[in-house]
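# Geometric and topological summary
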Amino acid sequence: MVSLDFRKRIEEFRLDISLEVGEEVMVLFGPSGSGKTSILNCLAGLMAPDEGRIVVNGEVVFEAAGGRIRSNLGPQRRRIGYVFQGYGLFPLLTVAENVAYGLRGHSEARERVAAVLKVMRLDDLAGRYPHQLSGGQQQRVAIARALVIQPRVLLLDEPFSALDSRVRERLQEELAGMQERWRLPIMYVTHSLGDAFAMGHRIAVVNEGRIEQVGPKDAVLNYPHSRAVARFTGTRNIFEAKVVEATPEATVLSWRERTLVAPPAPLKPGSEVTFCIRPEQVMLLREGDDRKENRLQGEITKEISRGTSISLFFKLDVGPGEGDYDLEISLPNHVYTRLHLDTQKRVAVSLKREALHIIPGASPGRVRG
């Protein structure tokens, strides 16, 4: 178990972090400059918080209060493996020498290096130098060097950002398998939602030095606690509405001169709320489909290809809107073709009741994600 509860000011930027990590892959997800790498640096001992406490497997590795540091173990004593974004390999050392660097003077160095090289499928490359390796091989060496010290925690800072998709996916699978076998706590920094979902058991969304939300990845994706989390996780349909009725069975909202039914929430009639729906949760209806659940009529005004999917921009027939569209819809290419949307632009959509999420505590204010 890793327990983080600390504050740190870096010029005008302030970190205020409270987070616990177990035997899992915890993804620190958020935009650049939000403080993700600084969290890792504080845990690794490369940066000292101003106050607070950091505990690793029951051992206090940092503690400070009232401007006084009571405990601050050096990085080498914390037994924390750290894989940096730029790998940080020594160019004049071989693969084996790079991996062995953290075990200098250790009596079992040779055996442990040989074992981890085998696990990482690097034993045939032990005598090569970094410039003789591919990007994926260099990343394996960096991970092997972090693992050979038998760390209590493994920190990964954007570890696969420079790799092509096929190599990245293969390394992600290998790392996930290793974590499952060894039950090692891993903290994985990324600003890629795809990487976060491929690797994480849980996601902690970091924004402006704070943890905005932490939880299982599906919960964070579908039930954001704030507008910021909704935007970061790709929920671009964010709107304001008025509560018409709130019962134990449903919440009825007034939006754009239409009535929408959402899941129940502890709200008062007449209150203004913010709600959202993910683009892939908006259901396009075939001609003749008489489905009535939150049914809306309108027109597709713009399309953008995303490779294997396509984004459609939908304008409602009713109500005063802003801009040239009201909803963004995401579809796989084969669904787009099957619905003949290349020629048919007048469509009906259904906003599934269970896909509408009322963001708790969000202040009203027009937002398009």
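Residues numbered from 1 in each chain as written. Predicted model: local features only at pLDDT ≥ 70, side-chain atom pairs only at ≥ 80, totals over all residues. Heavy atoms only, no water.

## Considerations on the overall build of the protein
Of regular secondary structure, the protein possesses 10 helices and 21 strands. Referenced to the eigenvectors of the C-alpha coordinate spread, the extents of the protein come out at roughly 75 × 50 × 35 Å. Looking at the protein residue by residue over its 369 residues, the buried ones come to 48%. In the protein, of all internal contacts separated by at least 6 residues, the share reaching a separation of at least 24 is 64%. Surface exposure of the protein reaches about 17,900 Å², of which carbon and sulfur atoms provide 48%. Taking the 50 positively charged and 46 negatively charged side chains of the protein as two groups, their mean positions are separated by 3 Å. (Helix = DSSP H or I, 4+ residues; strand = E, 2+ residues; numbered from the N terminus. Buried < 20%, exposed > 50% of the residue type's maximum accessible area, 1.4 Å probe, protein only. Contact = heavy atoms within 4.5 Å. Areas by Shrake-Rupley, 256 points an atom, 1.4 Å probe, with all protein chains shown as cover. Lys, Arg positive; Asp, Glu negative; His and termini not counted. Charge placed at Lys NZ, Arg CZ, Asp CG, Glu CD.)

## What about the packing of helix α5 (residues 135-147) against helix α6 (residues 165-182)?
In contact at an axis separation of 11 Å, α5 and α6 are set at 20 degrees when each is read in the N-to-C sense. When the axes of α5 and α6 are compared, the pair comes out roughly parallel. Helix-helix and strand crossings are classified by hand; for α5 and α6 the assignment is right-handed. Along the contact surface, α5 presents Gly 136, Gln 139, Arg 140, Ile 143 and Leu 147, while α6 presents Val 167, Arg 170, Leu 171, Glu 174, Leu 175, Met 178 and Trp 182. In terms of residue class, the contact of α5 with α6 is made up of seven nonpolar, two polar and three charged. (Axes fitted to C-alpha atoms, helices over the stretch in contact; angles between N-to-C directions. Parallel < 35°, antiparallel > 145°, perpendicular 65-115°, else oblique. Left-handed = near helix turned anticlockwise from the far one by under 90°. Nonpolar A, V, L, I, M, F, W, Y, C, P; charged D, E, K, R; others polar.)

## Overview of the pattern of salt bridges
Using the criterion set out here, one finds 20 salt bridges in the structure. One salt bridge connects Asp 195 with Arg 168, and the closest N-O pair in it is separated by 3.4 Å. Highlighted residues: Asp 195 in helix α7 (residues 193-199) and Arg 168 in helix α6, separated in sequence by 27 residues. Lys 345 is paired through a salt bridge with Glu 303; the nearest N and O atoms lie 2.3 Å apart. Highlighted residues: Lys 345 in the loop between α10 (333-338) and β20 (346-351) and Glu 303 in strand β17 (residues 295-305), separated in sequence by 42 residues. On the accessibility criterion, Lys 345 (26% relative accessible area) is partly exposed. Bridged by salt links that share partners, the residues Asp 5, Arg 7 and Glu 51 form one connected network. (Salt bridge = Lys/Arg side-chain N within 4 Å of Asp/Glu carboxyl O.)

## Description of the packing of aromatic side chains
Summed over all chains, the structure comprises seven aromatic pairs. On the basis of an interplanar angle of 15 degrees and a centroid distance of 4.1 Å, the ring pair of Tyr 82 and Phe 84 is categorised as stacked. Of the residues examined, Tyr 82 reaches a relative accessible area of 12% and is grouped as buried. Residues Phe 239 and Phe 275 carry aromatic rings whose centres are separated by 5.7 Å and whose planes lie at 45 degrees to one another, so their mutual orientation is tilted. (Phe/Tyr/Trp six-rings, centres within 6.5 Å; stacked < 30°, edge-to-face > 60°.)

## Focus: the pairing of strand β6 (residues 68-72)
Two elements, strand β5 (residues 59-65) and β6, share four bridges in a ladder whose sense is antiparallel. Bridged to Phe 62 within β6 is Asn 72. Taken together, β5 and the strand that follows it, β6, pair antiparallel across an intervening segment of two residues, in which Gly 66 is found at a positive phi of about 60 degrees. (Pairing = 2+ DSSP bridges.)

## Observations concerning helix α1 (residues 36-44)
With eight of nine residues buried, α1 lies mostly within the body of the structure. Once α1 finishes, Gly 45 follows within two positions and takes phi at roughly 90 degrees, a positive value.

## Concerning the sheet that holds strand β16 (residues 282-285)
Judged by pairing direction, the sheet is antiparallel, and its five strands sit side by side in the order β16-β20-β17-β18-β19 without closing on themselves. Across the chains shown, the open sheet's two edge strands, defined by having one partner strand only, are β16 and β19 (327-332). If you compare each strand with its neighbour and ignore which way they point, the axes differ by 45 degrees on average. Direction of pairing for β17 relative to β20: antiparallel, over a ladder of five bridges. Across the sheet, Leu 296 pairs through a bridge with Val 349, a residue of β20.

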